[in-house]
Amino acid sequence: MTENLQLGALLAACHWIGQKGWSPATGGNMSVREGDAHCLITESGKDKGSLTAGDFLRVELESGLAPDGRRPSAETGLHTMLYSRYPETGAVLHTHSVNSTVLSRVERSGALVLEGYEMQKSLSGQTSHLDQVVIPIFDNSQDISALAQKIMASAEHTPLQYGFLLRGHGLTCWGRDVAEARRHLEGLEFLFQCELQRRLLEAK
């Protein structure tokens, strides 16, 4: 698939995310790989439900900068980190849904562990509801460079798969292409909603 087709798929995914209400008030950022040295990422301050192709910036993976001087999204460093460390990554989606944000605060440990759900098989490589899906949780920070370094240090011990949560902030997930990243996002959001409802019912 060509990069232009991937950008079109990402644009459609952004509109879908906007309709879902998973990136309200211009929140979130989405990107697609463009070769070995660049990615295309949403410009800061744009509503994700009404993006056009012109709202994406070409960013250097090494520097995280847009050569044309425009301002990419605040979390650009998390996208470039994933593309640089995991060459198979083709698209990254960062959203601010209610379920992911609340669960990231309710779960006090360093990871959200999901098991027993058939929908775990929406995640690549998952073949059984009996397996555990571990989604790391990191404390939120406005220092994206330091946060990226912390995430990468953690990945040395526990490799990242599918996505991670930032506490009180939201979900970052990815895939080999836009279609896989979108499937991971939808699957994880379903699992998050189930897990949150389960915890609420058990607390009564």
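As a starting point, this report considers the structure included with it. As the structure is a prediction and not an experimental result, all values here were calculated from the model.

Here we look at the overall build of the protein
Next up, step 1: Helix and strand counts for the protein stand at 5 helices and 8 strands.
Next up, step 2: Traced from its N-terminal end to its C-terminal end, the protein shows the element sequence α-β-β-β-α-β-α-β-β-α-β-β-α.
Next up, step 3: Whereas a compact globule of 204 residues would reach a radius of gyration of roughly 17 Å, the protein reaches 16 Å, a difference of no more than 12%.
Next up, step 4: Within the span of the protein, comprising 204 residues, buried residues form 50% of the whole.

Things to note about a nonpolar patch on the surface
Next up, step 1: A cluster of nonpolar side chains, contributed by Val98, Val102 and Val106, occupies part of the molecular surface with about 230 Å² of accessible area.
Next up, step 2: Structurally, the position occupied by Val98 is in helix H3 (residues 98-106).
Next up, step 3: You can call Val98 exposed: its relative accessible area is 60%.

Some remarks on H3
Next up, step 1: Where H3 is concerned, the buried positions are Asn99, Ser100, Thr101, Leu103 and Ser104.
Next up, step 2: Where the residues of H3 are buried, they touch strand E5 (111-114), strand E6 (133-138), strand E7 (163-166), strand E8 (170-175) and helix H5 (178-203).

Digging into the side chain of Thr42
Next up, step 1: The residue Thr42 is located in strand E2 (residues 38-42) in this model.
Next up, step 2: A relative accessible area of 0% places Thr42 in the buried class.
Next up, step 3: If we ignore the near neighbours within four places in the chain, the residues touching Thr42 are Cys14, Asn29, Met30, Lys48, Leu51, Asp55, Phe56, Pro72 and Ser73.

Structural notes on the pairing of E2
Next up, step 1: Most of E2 sits inside the fold, with 4 of its 5 residues counted as buried.
Next up, step 2: As paired elements, strand E1 (residues 29-34) and E2 share 4 bridges and run antiparallel to each other. Counted as the bridge partner of Glu34 is His38 from E2.
Next up, step 3: Taking the residues that link successive antiparallel strands as the turn, the E1-E2 hairpin has 3 residues, and the phi of Gly35 there is positive, at about 75°.

As for the packing of aromatic side chains
Next up, step 1: Across all of its chains, the model carries 3 aromatic pairs by this definition.
Next up, step 2: Note on Phe138 and Phe164: the rings are 5.8 Å apart at their centroids and 80° apart in plane angle, and the pair reads as edge-to-face. Highlighted residues: Phe138 in strand E6 and Phe164 in strand E7, separated in sequence by 26 residues. The pair Phe138 / Phe164 is uniform in exposure class, with both members buried.
Next up, step 3: Note on Phe164 and Trp174: the rings are 5.9 Å apart at their centroids and 50° apart in plane angle, and the pair reads as tilted. Remark: Trp174 occurs in strand E8 and Phe164 occurs in strand E7; sequence separation between them is 10 residues.
Next up, step 4: Since its relative accessible area comes to 0%, Phe164 is described here as buried.
Next up, step 5: One aromatic cluster is present, formed by Phe138, Phe164 and Trp174 through successive ring pairs.
Next up, step 6: Above the ring of Trp16, the side-chain terminus of Arg182 is found at 4.3 Å from the ring centroid.

Criteria and cut-off values
Residues numbered from 1 in each chain as written. Predicted model: local features only at pLDDT ≥ 70, side-chain atom pairs only at ≥ 80, totals over all residues. Heavy atoms only, no water. Helix = DSSP H or I, 4+ residues; strand = E, 2+ residues; numbered from the N terminus. Rg over C-alpha atoms; globule rule 2.2 N^0.38 Å. Buried < 20%, exposed > 50% of the residue type's maximum accessible area, 1.4 Å probe, protein only. Patch = residues over 30% accessible without salt bridge, like charges linked within 9 Å, V, L, I, M, F, W, Y side chains within 5 Å. Areas by Shrake-Rupley, 256 points an atom, 1.4 Å probe, with all protein chains shown as cover. Salt bridge = Lys/Arg side-chain N within 4 Å of Asp/Glu carboxyl O. Contact = heavy atoms within 4.5 Å. Pairing = 2+ DSSP bridges. Phe/Tyr/Trp six-rings, centres within 6.5 Å; stacked < 30°, edge-to-face > 60°. Lys NZ or Arg CZ within 6 Å of the ring centre and 35° of its normal.

Any functional reading would require information beyond the geometric quantities listed.
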